[in-house]
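Inside the fold
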Amino acid sequence: MHEKIIILDFGSQTTQLIGRRLRELNVYCEIVPCNRFPADDPLVKGVILSGSPFSVTDPDAFKPDLSAVRGKYPVLGICYGAQYMAWLSGGTVEKGDLREYGRAVLTPLDAEDPLLKGAEAHSHVWMSHGDTITKIPPGFRAIASTADVPVAAYRIDGEPSWGVQFHPEVFHTEEGTLFLDNFLRICNMKKDWTPASFIEVAVETLKQQLGDDRVILALSGGVDSSVTAVLLNRAIGRNLTCIFVDHGLLRKNEFEHVMRDYEHLGLNVIGVKAADRFYRQLDGVSDPERKRKIIGKGFIDVFEEEARKLDRIKWLGQGTIYPDIIESLSITGTVIKSHHNVGGLPEKMHMKLVEPLRLLFKDEVRRVGRELGMTPNLINRHPFPGPGLGIRVLGAVTPEKVRTLQDADDIYIRMLREWNLYDQVWQAAAILLPVRSVGVMGDERTYENTVALRAVTSTDAMTADWAHLPYDFLSKVSGEIINKVRGVNRVVYDISSKPPATIEWE
């Protein structure tokens, strides 16, 4: 087992980012609701209090008891966390005249403080708060300031507790990694959380957990389920059976390519072609939510039918990852979002769940996959929605529309690879619009379909910006699609960011 840092989540949008930064420093951490500190866990070495959308003066703000934390572990309060510790001890936290958002220059007041040691004298930090600590309590000592914030960072005398009113976890804080690394030194962390160590522990744990039991796993071709399969295969070998369902909404030739990749990995995979079944159920359906539900239920039905053909299956494997676990709980611990990939099936078939990646962030899943020796085309594959092209064909889905989109998408993705652009974007997709327009081909007028191209850059898909692909590239892709894909005479490029738009169109 690994020593750990506990991150108490007060609801900040960047709480997961704190966890990812610590994991990048080879330290294991867990994010828990702010009122659920595991006081009896002997592996806890330090505690971080996250930011929050609330002000400490709000009546609905999260105000947990910190008596099990303060003075017993090294503590780092970030933004709201810093203000809350000061407010709890009698300090004054007030709303500023202006919301402070953006870069500020940090001036250390005690350059030898363990949290600031090694930092540049005037580095940039990222501020994002409406409140400011205007008076610190007795025993609190300012160790850094900015032009507008006299107490940008503080230390509490007599206990290993610090607070910062900026966000060290975000990219724009130049010395953010240093500050977090300094805090880990204060906690005497071993820094032994690596892909290799995770695999070693996970395989041994799976062997003990599963014994000679048999496990069934639904494969999607995506990185999460693929890494789950390889990890389980390393632990229990042929006792793992994988099912890969072709619902007819995959990318061009994807079923054959993915099956071949899985065979090379030595996995026991059952491939099921069920396109006709899904097309019948989707016939005439244009509402995107109905399409999602039909495809989701259809997948579960096919998976269940295949699973019942197998004997002695006791476990259902799933590619659940850590963000799914975090997002499935509110601050109070109430389930607000189901993270099960095949919801309801474990209970229905009396199976237990095994989720070997449930402690990993997305980037860690990829690192583990590389350590397992998986091919780059599986590890670096862009996210692809479960409903597949069913939600990229806008409006009613037909086999003809899917084939048109598959051909256009195949050209787009292939050329992204050829131009060395594929790995520079988070996700790319072609979308077939329910829009026809006039065009000219040769000496004839045409009245055909429009394809929209989408490419975004992101780190976690919570926010995304449109990828600034080269004009020459877009011109080439447009020409290739219009010349080679029958029924398409117009190509457009989506330059919307998220928010307000979403990455997918449906």
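Provided above is the structure to which this section pertains.
Structural notes, computed from the coordinates. In this convention, every chain numbers its residues from 1, walking through the sequence in written order. Per-residue local features of the predicted model are confined to residues with pLDDT of at least 70, and side-chain atom pairs are confined, for both listing and counting, to 80 or more; whole-chain, interface and lining totals are unaffected and use all residues. As a convention, hydrogens and water are excluded, and side-chain values are obtained from all of the structure's heavy atoms.

Our next topic: the overall build of the protein chain. Runs of H or I in DSSP of at least four residues are treated as helices and runs of E of at least two as strands, each being numbered from the N terminus. Looking only at helices and strands, one finds 14 helices and 18 strands in the protein chain. For a compact globule the rule gives 2.2 Å times the number of residues to the power 0.38, and the radius of gyration it is set against comes from C-alpha atoms. Scaling as 2.2 N^0.38, a compact globule of 506 residues should have a C-alpha radius of gyration of about 23 Å, and the protein chain matches this with 26 Å. Projected onto its principal axes, the C-alpha coordinates of the protein chain cover approximately 80 × 60 × 40 Å. Using a 1.4 Å probe on the protein chains alone, a residue whose accessible area is under 20% of its type maximum counts as buried, one over 50% counts as exposed, and one in between counts as partly exposed. Taking all 506 residues of the protein chain together, 56% fall into the buried category. Per-residue accessibility takes into account occlusion by the displayed protein chains alone, with areas from the Shrake-Rupley method and a 1.4 Å probe. Of the roughly 22900 Å² of accessible surface on the protein chain, 50% is carried by carbon and sulfur atoms. Once the 60 positive and 67 negative side-chain charges of the protein chain are each reduced to a mean point, those two points are 4 Å apart. When charges are counted, neither His nor the chain ends are considered; positive counts come from Lys and Arg and negative counts from Asp and Glu. For this purpose, a charge sits on NZ of Lys, CZ of Arg, CG of Asp or CD of Glu.

Quick look at the state of the cysteines now. Disulfides are defined in this document as cysteine sulfur pairs within 2.5 Å. In total, this model carries 0 disulfides according to the counting rule given. In this structure C29 is not part of a disulfide, and its nearest cysteine sulfur, from C187, lies 12 Å away. Of all cysteine sulfurs, the one in C34 lies closest to C79, which takes part in no disulfide; the gap is 15 Å. For C79, a relative accessible area of 6% translates into the label buried.

Only when DSSP finds a minimum of two bridges between them are two strands counted as paired. Spatially, β12-β11-β10-β13-β14 is the arrangement adopted by the 5 strands of the open sheet, whose pairing is parallel. Strand pairing shows two members of the sheet lacking a second neighbour, β12 (269–273) and β14 (352–354), which therefore form its edges. Pairwise comparison of adjacent strand axes, ignoring direction, gives a mean angle of 30° for this sheet. Every residue pair with non-hydrogen atoms within 4.5 Å of one another is taken to be in contact. The axes are straight lines fitted to the C-alpha atoms, using for helices just the contacting stretch, and the angles between their N-to-C directions are given from 0 to 180°. Contacting β10 (214–219), β11 (240–246), β13 (313–317) and β14, helix α5 (residues 223–236) crosses the sheet at an angle of about 160° to β10. Against the sheet, helix α6 (residues 254–264) touches β10, β11 and β12, its axis set at about 170° to β12.

Here the focus is the nonpolar core. Ranked by internal contacts, the top residues of the largest apolar core, which has 91 residues, are Y412 and L469. Only buried residues count toward a nonpolar core. Its members are Ala, Val, Leu, Ile, Met, Phe, Trp, Tyr and Cys residues joined through side-chain atoms within 4.5 Å. Residues L22, L115, M127 and I326 belong to the second largest nonpolar core, which totals 37 residues.

Turning next to the pairing of strand β4 (residues 75–78). Residues V75 and G77 point to one face of β4 and L76 and I78 to the other, with burial holding for every one of them. Examined bridge by bridge, strand β3 (residues 44–49) and β4 share 3 bridges and lie parallel to one another. For V47, the partnering residue across the bridge sits in β4 and is V75. Of the pairings in the sheet, the one linking β4 to strand β9 (residues 161–164) comprises 4 bridges and is parallel in character. Counted as the bridge partner of G77 is G163 from β9.

On to unusual backbone geometry, then. With omega at -15°, the peptide bond leading from K498 into P499 counts as cis. Considering the arrangement of structural elements, one finds P499 in the segment after β18 (488–493). Here P499 and P500 are connected by a cis peptide whose omega angle stands at 10°. Looking at the element boundaries, P500 is found in the segment after β18. Residues other than glycine seldom take positive phi values, yet N188 does so here, at roughly 55°. Inspection of the secondary structure puts N188 in the loop between α3 (176–186) and α4 (195–210). Located in the positive-phi region is N420, a residue other than glycine, with phi close to 55°. Looking at the element boundaries, N420 is found in the loop between α13 (399–418) and β15 (427–441).

On to the packing of aromatic side chains. Paired rings are identified among Phe, Tyr and Trp, the last through its six-membered ring, by centres lying within 6.5 Å, and are further divided according to the angle between planes into stacked (under 30 degrees), edge-to-face (over 60) and tilted (the rest). Under the defined criterion, the tally for this structure stands at 16 aromatic pairs. Judged by centre distance (5.4 Å) and plane angle (80°), the rings of Y322 and F361 are edge-to-face. Of this pair, Y322 sits in helix α9 (residues 322–327) while F361 is found in the loop between β14 and α11 (362–371), placing the two residues 39 residues apart along the sequence. By the burial criterion, Y322 is buried, and F361 matches it. Members of the aromatic cluster, each reached through a chain of ring pairs, are F10, Y80, Y84 and W87. We count a charge as sitting over a ring when the NZ of a lysine or the CZ of an arginine lies within 6 Å of the ring centre and within 35 degrees of the ring normal. Between the NZ or CZ atom of R417 and the centre of the ring of Y422, over which it lies, the distance is 3.9 Å.

Now for the pattern of salt bridges. Within this document, salt bridges are pairs made up of a side-chain nitrogen of Lys or Arg and a carboxyl oxygen of Asp or Glu, the two lying within 4 Å of each other. Evaluation of the coordinates by the stated rule reveals 31 salt bridges. Residue D246 is joined to K273 by a salt bridge in which the shortest nitrogen-to-oxygen separation is 3.6 Å. Residue D246 is located in strand β11, and its partner K273 is located in strand β12; the two are separated by 27 residues in the primary sequence. Judged by relative accessible area, D246 falls into the buried class, the value being 11%. By relative accessible area, which is 55% here, K273 ends up exposed. Two residues, R403 and E400, come together in a salt bridge whose shortest N-O distance is 3.6 Å. In this pair, R403 and E400 both sit in helix α13, 3 residues apart, roughly one turn of the helix. Using a relative accessible area of 47% as the deciding quantity, one classes E400 as partly exposed. Linked through salt bridges whose partners overlap, the residues forming this network are R414, E418, E480 and K484.

The analysis is restricted to geometry; functional conclusions fall outside its scope.
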